[in-house]
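Survey of secondary and tertiary structure
Listed below, chain by chain, are the residues.
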Amino acid sequence: MKIRNRFIMFIFMCAFHGIYLIYFMGSVQSGLKTMKMTRIGAFTTILLLIFTIGIYSLIWQWNTCTSLKKLGCGDCRFSCLVFSLLIIGIIINPFILQGKINFYCERVNTKLY
C-alpha cells in the first residue's frame, strides 16, 4: 500500500478503464498481504476477479474495508456497499479506499509496497 494522488488515479481510470482497476486491486491486496492483514495474494485476487466476471470485486471491497478498519482508518464498508449497489461504485469506491490508505500511510509516515 502506498500513497497515491487520487487525481492521477482518475486520469489512469479514464485512460485505461478496467485494466487500472485490476492493477489497483492487486496492488492494494499485495500491500495487505505484506502487512499480514489477509492470506490471499494479488495473483489469486486477480484470478478470482476474472473468473467471477467482476462479482468478486464486491467481496474484495468489503474485506478491504474491514482490513482498513482494523488498521484504524475508519469504517467505509457501508458507503462502498451502497455505491456498489447504485452501480457508481466502480468509479467511486477506489477513491474511497485510496483515501483511507492515504490516511493510514500519512499517519504511520511510511510507504509499504
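A brief structural summary. (Residues numbered from 1 in each chain as written. Predicted model: local features only at pLDDT ≥ 70, side-chain atom pairs only at ≥ 80, totals over all residues. Heavy atoms only, no water.)

Quick look at the layout of surface pockets
Quantified by volume, the largest pocket comes out at close to 370 Å³. Around the largest pocket, the lining is made up of 20 residues, and of these Leu21, Gly54, Ser57, Gln61 and Ile90 lie nearest the centre. For the second largest pocket, the calculated volume is near 160 Å³. Lining the second largest pocket we find Gln29, Leu32, Met37, Thr38, Ile40, Tyr56, Trp60, Asn63, Thr64, Thr66, Ser67 and Lys70. Elements represented by at least two residues in the lining of the second largest pocket include exactly helix H2 (18–34) and helix H4 (56–70). The greatest single-element share of the lining of the second largest pocket, amounting to 7 residues, is contributed by H4. Residue composition of the lining of the second largest pocket, by class: 5 nonpolar, 6 polar and 1 charged. (1 Å grid on protein atoms, 1.4 Å probe; cavity = no way out; pocket = protein on both sides within 12 Å on 5 of 7 lines; lining within 4 Å. Points joined across faces, edges and corners; volume = space filled by probe spheres on them. Helix = DSSP H or I, 4+ residues; strand = E, 2+ residues; numbered from the N terminus. Nonpolar A, V, L, I, M, F, W, Y, C, P; charged D, E, K, R; others polar.)

Examining the packing of aromatic side chains
One pass over the structure, following the stated rule, counts 6 aromatic pairs. Judged by centre distance (5.8 Å) and plane angle (45°), the ring pair of tyrosine 20 and tyrosine 23 falls under tilted. In this pair, tyrosine 20 and tyrosine 23 both sit in helix H2, 3 residues apart, roughly one turn of the helix. Residue tyrosine 20 is classed as buried on the basis of its relative accessible area, which comes to 9%. By relative accessible area, tyrosine 23 is classed as partly exposed at 44%. (Phe/Tyr/Trp six-rings, centres within 6.5 Å; stacked < 30°, edge-to-face > 60°. Buried < 20%, exposed > 50% of the residue type's maximum accessible area, 1.4 Å probe, protein only.)

Concerning the nonpolar core
Within the largest apolar cluster, 25 residues are counted, with the highest numbers of intra-cluster contacts made by Met1, Phe24, Trp60, Leu68, Leu71, Leu97 and Tyr104. Sorting the residues of this core by element identifies helix H1 (6–16), H2, H4 and helix H6 (89–108) as the ones contributing at least two each. (Core = buried A, V, L, I, M, F, W, Y, C linked by side-chain atoms within 4.5 Å.)

Considerations on the packing of H2 against H4
Direction vectors running N to C along H2 and H4 enclose 40°, while the axes themselves pass 12 Å from each other. Relative to H4, H2 is oriented so that their crossing is left-handed. Touching Phe24, Met25, Val28, Gln29 and Leu32 of H2 are Ser57, Trp60, Thr64 and Ser67, all from H4. In terms of residue class, the contact of H2 with H4 is built from 5 nonpolar, 4 polar and no charged. (Axes fitted to C-alpha atoms, helices over the stretch in contact; angles between N-to-C directions. Left-handed = near helix turned anticlockwise from the far one by under 90°. Contact = heavy atoms within 4.5 Å.)

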